[in-house]
There are 2 protein chains.
Amino acid sequence: MRTEICERLGIEFPLFAFTHCRDVAAAVSNAGGLGVLGAVGFSAEELEVELAWLDAHVHGVYGVDLVIPSKYEGQGMDGLTPQELEAELAQLVPQGHRDFAEKLLTEHGVPQLPDGEHHSELLGWTATTAAPQLAAILRHPKAKLVANALGTPPPDVVAQVQDSGRLIGALCGSVKHALNHKAAGLDFVVCQGTEGGGHCGEVSSLVLWPQVVDAVGEVPVLAAGGIANGRQVAAALAMGAQGAWTGSLWLTVEEANVPPAQMRTYLDATSHDTVRSRSWTGKPCRMLRNEWTDAWERADTPDPLPMPLQMMVALDGVKRGHRYPEAAKDVNFNPVGQVVGLLNRVERSAEVVARLVEEYVAACDRLGKLNG
Amino acid sequence: MRTEICERLGIEFPLFAFTHCRDVAAAVSNAGGLGVLGAVGFSAEELEVELAWLDAHVHGVYGVDLVIPSKYEGQGMDGLTPQELEAELAQLVPQGHRDFAEKLLTEHGVPQLPDGEHHSELLGWTATTAAPQLAAILRHPKAKLVANALGTPPPDVVAQVQDSGRLIGALCGSVKHALNHKAAGLDFVVCQGTEGGGHCGEVSSLVLWPQVVDAVGEVPVLAAGGIANGRQVAAALAMGAQGAWTGSLWLTVEEANVPPAQMRTYLDATSHDTVRSRSWTGKPCRMLRNEWTDAWERADTPDPLPMPLQMMVALDGVKRGHRYPEAAKDVNFNPVGQVVGLLNRVERSAEVVARLVEEYVAACDRLGKLNG
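The rules we used
Every residue gets a number counted from 1 within its own chain, in the order that chain's sequence is written. Here every chain gets a letter starting at A, and every ligand a number starting at 1, in the order they are written. For this predicted model, a pLDDT threshold of at least 70 governs which residues receive local features, and a threshold of 80 or more governs which side-chain atom pairs are given and counted, while totals over whole chains, interfaces and linings are taken from all residues. Water and hydrogen atoms play no part in the side-chain values, which are based on all heavy atoms of the structure. Secondary structure counts use DSSP, requiring at least four H or I residues in a row for a helix and at least two E residues in a row for a strand, with both numbered from the N terminus. Every radius of gyration here is taken over C-alpha atoms, with the globule rule written as 2.2 Å times N^0.38, N being the number of residues. By definition, residues are in contact when any of their heavy atoms lie within 4.5 Å. Residues scored as positive are Lys and Arg, those scored as negative are Asp and Glu, and His as well as the terminal groups of each chain are ignored. In plain terms, the charge of a residue is placed at NZ if it is Lys, CZ if Arg, CG if Asp and CD if Glu. Each of two parts loses accessible area, computed with a 1.4 Å probe, when they are put together; buried area is these two losses added. Any carboxyl oxygen of Asp or Glu that lies within 4 Å of a side-chain nitrogen of Lys or Arg is treated as forming a salt bridge with it. Two strands pair under a simple rule: DSSP has to find at least two bridges between them. Each residue gets one of three labels from its accessible area relative to the maximum for its type: buried under 20%, exposed over 50%, partly exposed in between, using a 1.4 Å probe on protein chains only. A crossover gets the label right-handed when its path from the first strand over the helix to the second runs clockwise, viewed with the strands pointing away from the viewer. Here a polar contact means two N or O atoms within 3.5 Å. Within protein one must be a hydrogen donor candidate and the other an acceptor candidate, and residues neighboring in sequence count only if both atoms are side-chain atoms. In this comparison the copies share one frame, found by least squares on the C-alpha atoms of residues holding pLDDT of at least 70 in both. Axis angles are defined between N-to-C directions and span 0 to 180 degrees, where every axis is a line fitted to C-alpha atoms and, for a helix, only to the segment in contact. Here the word oblique covers every angle except those under 35 degrees (roughly parallel), over 145 (roughly antiparallel) and from 65 to 115 (roughly perpendicular). A crossing counts as left-handed when the near helix is turned anticlockwise from the far one by less than a right angle, and as right-handed when that turn is clockwise. Here the term charged refers only to Asp, Glu, Lys and Arg, the term nonpolar to Ala, Val, Leu, Ile, Met, Phe, Trp, Tyr, Cys and Pro, and the term polar to all other amino acids, Gly among them. Aromatic pairing here means that ring centres of Phe, Tyr or Trp (its six-membered ring) are within 6.5 Å. Orientation follows from the plane angle: under 30 degrees is stacked, over 60 is edge-to-face, and everything else is tilted. By arc we mean the arc of the directions from the helix axis to the C-beta atoms, nothing more. Under the convention used throughout, the expected extent of a helix is 1.5 Å for every residue step, that is, one less than its residue count. To get the bend at any residue, fit one axis to the seven residues that end at it and another to the seven that begin at it, then take the angle between the two axes.

Caption draft 1: Structural detail: the overall build of chain A. Helices and strands together make up the secondary structure of chain A, namely 14 helices and 11 strands. The globule rule puts the C-alpha radius of gyration for 372 residues at 21 Å, and the 20 Å found for chain A is close to it. Projected onto its principal axes, the C-alpha coordinates of chain A cover approximately 65 × 45 × 40 Å. In chain A, once contacts between residues fewer than 6 apart in sequence are set aside, the share between residues at least 24 apart is 68%. Computing the positive centroid from 29 side-chain charges and the negative centroid from 45, chain A places the two 5 Å apart.

Set out below in structure tokens:
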């Protein structure tokens, strides 16, 4: 299963693991795949710590995923510091939205964060706040791959990454976005179907992947959305992808820093339990449906705000849900794809990599036998 | 690509073509696949004519698809003739729904059907009205396969089909439905992802197929939803399916009895242009989004009725749309899956079968080379 992008990165298997947990990222890289750390939840200082840890624990290389949305509120407010931008944007958030979010959490008995535990509401969700994250990445030589989660990255970001000898790519949910990525000179595109966890479009992986493969020509396509076993990896490579980009799969591994109560929620869920909702980030994002997502859908409740304003409303809920997952179980943020129905037991990350490879080989063998 | 179900049916390729057009069904069967005629739009007498034509034109065998919903209004009204059942059900249709449908068609300038062109409003959408269709099928020896589109068929239907030496199967959109089919002793299940045209569930093919394959064990699974080229066929077989069940693909072939204006609509559409809507049949059904589907979604308009009542409201629109496709272009019933974005030119049915086989072989070769 060694594809061209494996050669360029010096990895054994084209299995890319998006995760917010450095332990998972390291375990996957060390098992022959490529761990990709999601940076959005970290300040630049925190990210620096994570990357230093990865440098010390990864034998080969790893990747980092940024979030620079191609469209968001506050775009073009140039020359502001992250703190100034956050203050400007905070004025655009209606108090009614904050009150509604607080009411939901209070009604469900989700405690407040301890006094003094403050945090930025904006995080890395803008070009301004992602810039110092990128600077951190460029200081870490094993961070060999950068992906942008929400649209084509700005030209200066592309240039900085490529000039440093790294690969840069971006996610897409349509042929149009993929062509934008190609026009910007990206090194690869991650093409994600609607069944994928997190931000996603409306077209399914099976329908979208071959269209994007054909549209971008020689640009490597990594297939995302709906992959949790090696049969699905075989499907992706048969359709012309150069690798598999997975995310949900790593929420239920032994190393994941997902609280046990939340991991149980994932393990118990079926493929019918997810919904695309704007209620946490402001853009359609696939997650488990629960009382929070339902509450923001009703006709008599506030409509979710555009990105990043909705996350400024919801981030307190994310933090409280992470700290008090038992209390927050019906109103927690549980981003995951439809493959959640295939996640039924806890495995070690290295076991998952080995299993994907074995299942892939078995699927290829099945095809081989069919064809005599 | 010869699988076990090919052996049982005596066909060359496990390529199943669902179509409402006998010419397409015959062409696919004669090209080595299996044409499956959708029966729901025909009276039993009309179906008899179609099947006699197929017997005369198909060299080997073909299939027929019935619609016996597992749940519908009027279920259990036993002992009524189809005419009596239709009269009973007609009383359950609010006049406001009929008026709203008529207003939509009138506003868009869709002419009335010519005087005297009357038709049943109920068609084959119930066990009562499907029974004489089944009787017709059983008189035609080349009709070797029967599929039920909406749930597990009743035990007497299963017994009649199997006792006559035919295979019977049914579509499913969830593991639960697949297990019901297995428990009823069906010979195969057609597992359709949400991207598929017509009635579909919410889970994507890539996620659903492997779950159903694992759940039903030795029962052959035909993969449906999202297949329009041979790469997707390879993906389906790699994931453990015994064949590919396709539908949308046959709307834009040369032989299809789709009016040219409607075929143009399909050829021009992208994968982003479909919607799951209850506005025509009463159950979620994937089709092109247009002014009809939007109109039934609005808060101030009637909600679609349950099956088969909504179809009793909408059938006049279906018939008028088929007769006056130019006038009806913004309010026509255009059932199709997300693969509509891959349907960009008119081909002959036999060319499509040959292309699927070639693309399948190329995809398998790609995998073979990757694996050394």
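Caption draft 2: Main features of the interface of chain B and chain A. Taken together, the contacts link 42 residues of chain B with 42 residues of chain A. The junction of chain B with chain A conceals about 3300 Å² of combined surface from both sides, 59% of it contributed by carbon and sulfur atoms. Counting the contacts that link chain B with chain A gives 2 salt bridges. Close ionic contact of A:Arg231 with B:Asp214 constitutes a salt bridge, the shortest N to O distance being 2.7 Å. Elements represented by at least two residues in the side of chain B that touches chain A include exactly helix 9 (205-216), helix 10 (230-238) and helix 14 (349-370) of chain B. Looking at the side of chain B that touches chain A element by element, the count peaks at 8 residues for helix 9 of chain B.

Caption draft 3: Spatial organisation of the sheet that holds strand 7 (residues 198-199) of chain A. Residues and elements named next belong to chain A. Strands sit in the order 7-11-10 across an open sheet of 3 strands; the sheet is antiparallel. Of all the strands in the sheet, the pair left with one neighbour each is strand 7 and strand 10 (274-277). Direction of pairing for strand 7 relative to strand 11 (residues 285-288): antiparallel, over a ladder of 2 bridges. By the bridge assignment, Gly198 is partnered in strand 11 with Arg286.

Caption draft 4: Seen up close, the pairing of strand 1 (residues 15-19) of chain B. Residue and element names in this part refer to chain B. Most of strand 1 sits out of view: 4 of its 5 residues are buried. Examined bridge by bridge, strand 1 and strand 9 (residues 243-246) share 3 bridges and lie parallel to one another. By the bridge assignment, Phe16 is partnered in strand 9 with Trp245. The pairing of strand 1 with strand 2 (residues 34-38) spans 4 bridges and is classified as parallel. Considered in strand 2, the bridge of Ala17 is made with Gly35. Between strand 1 and its parallel partner strand 2, the chain crosses via helix 2 (residues 22-30), and the hand of that crossover is right-handed.

Caption draft 5: Structural detail: the side chain of B:Arg355. Residues and elements named next belong to chain B. With respect to the secondary-structure elements, Arg355 resides in helix 14. Among the polar contacts made by the side chain of Arg355, one reaches the main-chain carbonyl oxygen of Ala228 at a distance of 3.5 Å. With residues near it in sequence (within four places) discarded, Arg355 still touches Ala228, Asn229, Leu249, Arg345 and Glu347.

Caption draft 6: A look at the environment of B:Trp250. Residue and element names in this part refer to chain B. Mapping Trp250 onto the fold places it in the loop between strand 9 and helix 11 (260-268). Separated by 99 residues in sequence, Trp250 and Ser349 have C-alpha atoms that sit 7.4 Å apart. Those residues in contact with Trp250 that lie beyond four places of it in its chain are Ala17, Phe18, Thr19, Val24, Val28, Ala256, Ser349, Val352 and Val353.

Caption draft 7: Looking closely at the environment of A:Pro114. Residues and elements named next belong to chain A. With respect to the secondary-structure elements, Pro114 resides in the loop between helix 5 (95-107) and helix 6 (127-138). With a relative accessible area of 33%, Pro114 lands in the partly exposed category. Residues within four places of Pro114 in sequence aside, it is in contact with Arg323 and Tyr324.

Caption draft 8: Quick look at the sheet that holds strand 7 (residues 198-199) of chain B. Spatial strand order, 7-11-10 (chain B): 3 strands in an open sheet with antiparallel pairing. With partners counted over all chains shown, the strands left at the sheet margins are strand 7 and strand 10 (274-277) of chain B, one partner each.

Caption draft 9: Up close: the relation of the copies chain B and chain A. When chain B is fitted to chain A, the residual RMSD is 0.0 Å, and the transformation amounts to a turn of 180° plus an axial shift of 0.0 Å. This pairing of chains is accounted for by a two-fold axis. Of every C-alpha in chain B, the one belonging to B:Ala235 sits nearest the axis of rotation, 2.0 Å from it. Most of the interface of chain B is mirrored in chain A, where 100% of its interface residues are also at the interface.

Caption draft 10: Representation of the packing of helix 10 (residues 230-238) of chain A against helix 10 of chain B. It is at 8 Å that the axes of helix 10 of chain A and helix 10 of chain B come closest, and there the two elements cross at 165°. Taken together, the axis directions place helix 10 of chain A and helix 10 of chain B in an arrangement best described as roughly antiparallel. Seen from above, helix 10 of chain A lies across helix 10 of chain B with right-handed handedness. Where helix 10 of chain A abuts helix 10 of chain B, its residues A:Arg231, A:Ala234, A:Ala235 and A:Ala238 lie against B:Arg231, B:Ala234, B:Ala235 and B:Ala238. Of the residues belonging to the contact of helix 10 of chain A with helix 10 of chain B, the class tally is 6 nonpolar, no polar and 2 charged.

Caption draft 11: Geometry of the packing of aromatic side chains. For the structure shown, the criterion picks out 10 aromatic pairs over all chains. With a centroid separation of 6.1 Å and 20° between ring planes, the pair formed by A:Phe16 and A:Trp245 is classed as stacked. Of this pair, A:Phe16 sits in strand 1 (residues 15-19) while A:Trp245 sits in strand 9 (residues 243-246); the two residues are 229 residues apart in sequence, bridging distant segments of the chain. For the pair A:Phe16 and A:Trp245, one class covers both residues: buried. Between B:Phe100 and B:Trp296, the ring centres sit 4.9 Å apart and the planes meet at 85°, which makes this aromatic pair edge-to-face. Residue B:Phe100 is located in helix 5 (residues 95-107), and its partner B:Trp296 is located in helix 12 (residues 291-297); the two are separated by 196 residues in the primary sequence. Here B:Phe100 matches B:Trp296 in class, with each residue buried. Through a chain of ring-to-ring contacts, three or more aromatic side chains come together here, namely A:Phe100, A:Trp280, A:Trp292, A:Trp296 and A:Phe333.

Caption draft 12: Structural view of helix 7 (residues 155-163) of chain A. All names here are of chain A. For helix 7, the set of buried residues is Val157, Val158 and Val161. Angularly, the buried residues of helix 7 cover 100° about the axis, an arc narrow enough to put them on a single face. What points out from helix 7, more than 90 degrees from its buried face, is the exposed set Pro155 and Asp163. Where helix 7 terminates, the next one or two residues include Gly165, which has phi positive at roughly 85°.

Caption draft 13: Looking closely at unusual backbone geometry. Looking along the chain, the bond that leaves A:Met307 and enters A:Pro308 is cis, with omega of 0°. Mapped onto the fold, A:Pro308 is located in the loop between helix 12 (291-297) and helix 13 (309-323).

Caption draft 14: Fine view of the pattern of salt bridges. Residue and element names in this part refer to chain A. A full pass over the atoms with the stated rule returns 32 salt bridges over all chains. Across the salt bridge formed by Glu359 and Arg355, the nearest N and O atoms sit 3.1 Å from each other. With Glu359 and Arg355 both in helix 14 (residues 349-370) and 4 residues apart, this pair spans about one turn of that helix. By relative accessible area, Glu359 is classed as partly exposed at 23%. Under the relative-accessibility criterion, Arg355 is labelled buried at 18%. Members of the salt-bridge network, linked through shared partners, are Arg345, Glu347, Arg355 and Glu359.

Caption draft 15: Looking closely at helix 13 of chain A. All names here are of chain A. For helix 13, spanning 15 residues, the distance from its first C-alpha to its last is 22 Å, which sits close to the expected 21 Å at 1.5 Å a residue. Where helix 13 bends most, the angle comes to about 40°, and this point is Leu315. Of all the positions in helix 13, only Leu309, Gln310, Met311, Met312, Val313, Ala314, Leu315, Gly317, Arg320 and Gly321 are classed as buried. Summarising the contacts, the buried residues of helix 13 are in contact with helix 4 (82-90), helix 5 and helix 12.

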